[in-house]
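# Chains, contacts and geometry: an overview
Take a look at the letters that make up each chain.
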Amino acid sequence: PFLLIANSTLKTHCEAIFSYILQKHGTDNIYLIHKKNDNRIFNYFKDINLVDSKPLLKIKDIMLDSSVSSQGLKYLVDTTKPIVIIGASLDQTFSQKLADACYPVQKTNPLVLFGMPNWDGFACWYKRGAYPDFSISYTTPHYQEKSNAFGKYLSNKYFQLYNIDPSDMVEKGFAITYNFASILINYQGSFMQNVNDTLYAPLHNFNFKPVYHGNNPEVDYYENKHLFIMQILNGEVVREW
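As the structure is a computational prediction, the values presented were derived from the model and not from experiment. (Residues numbered from 1 in each chain as written. Predicted model: local features only at pLDDT ≥ 70, side-chain atom pairs only at ≥ 80, totals over all residues. Heavy atoms only, no water.)

In this section: the side chain of S182. For S182, the location among the structural elements is in helix α6 (residues 168–186). Residue classification places S182 among the buried positions, given a relative accessible area of 10%. Of the polar contacts made by the side chain of S182, one reaches the backbone oxygen of Y178; its length is 2.7 Å. (Helix = DSSP H or I, 4+ residues; strand = E, 2+ residues; numbered from the N terminus. Buried < 20%, exposed > 50% of the residue type's maximum accessible area, 1.4 Å probe, protein only. Polar contact = N/O pair within 3.5 Å; in protein donor to acceptor, adjacent residues only side chain to side chain.)

Time to look at α6. End to end, α6 covers 27 Å across 19 residues, agreeing with the expected 27 Å (1.5 Å per residue, within 8%). The set of residues buried in α6 consists of E171, F174, A175, N179, F180, S182 and I183. Of the surrounding elements, those touching the buried residues of α6 are β1 (4–5), α5 (149–162) and β9 (208–212). (Expected span 1.5 Å × (residues − 1). Contact = heavy atoms within 4.5 Å.)

Of all the 7 residues making up strand β2 (residues 29–35), 6 are buried; the element is thus mostly covered by neighbouring parts of the structure. Pairing of β2 with strand β6 (residues 83–87), which is carried by 5 bridges, proceeds in the parallel orientation. Directly across from I33, in β6, lies its bridge partner G87. For β2 and strand β5 (residues 59–64), the ladder comprises 6 bridges, and the chain directions are parallel. Along β5, the bridge assignment pairs I30 with I59. (Pairing = 2+ DSSP bridges.)

Tallied over the full model, the rule gives 3 salt bridges. With a shortest N-O distance of 3.6 Å, E15 and K225 are connected by a salt bridge. Taken together, the positions of E15 in helix α1 (residues 10–24) and K225 in the loop between β10 (219–224) and β11 (228–233) put the pair 210 residues apart, joining distant regions of the chain. For K225, the salt bridge is made with E223, and the minimal N-O distance between the two is 3.9 Å. With relative accessibility at 1%, the residue E223 sits in the buried group. Salt bridges sharing common partners tie together E15, E223 and K225. (Salt bridge = Lys/Arg side-chain N within 4 Å of Asp/Glu carboxyl O.)

Written as structure tokens, this is what we have:
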């Protein structure tokens, strides 16, 4: 059972999005939009939403083919209240078309667009002039404050060695290695009991929780449940929550 997954699974990302929407947008009109025959994310949200066989949130499911337009979207959503749209797709083309459809709508109606964790890698959000003043939210297990001393050290050292800035994969590798090596050194013989100690987390905290498979009472693995809500706004990434 001593497998630690630091890069959280898609289901955990869906849980974090659901929790955020429940707290911040529980009374809004919520829609989950996905491609035809692509039900994996829809099924995650369906399971997460049920507590004692009753839904916590009223989420309307909208299944579309590869085409989606702003005019068509207006006919599908209720604009009498603020709108939350969950883009339940990992496909870049579909996700971009959904954002294109949301952009004109949000000019006249409050609208929040939530994407999946891989959306931060889509180049379309960062093009100059793309979606001015319209934010696209997503979740991530990795975030580094600009003022973080460890982050500054890493950037300076890496630039000295390779003459380029470190990528997010370098930052993740540094954070995980420093964190776990420090816990192993300082808690010899009791690593698992102190795996969430925040004292040695250089860039951000982790929150490893046990995950069980089916009805098996034994722990299957441990997964990082500490996720950040981020926004892509005017080509820049900012922390939302």
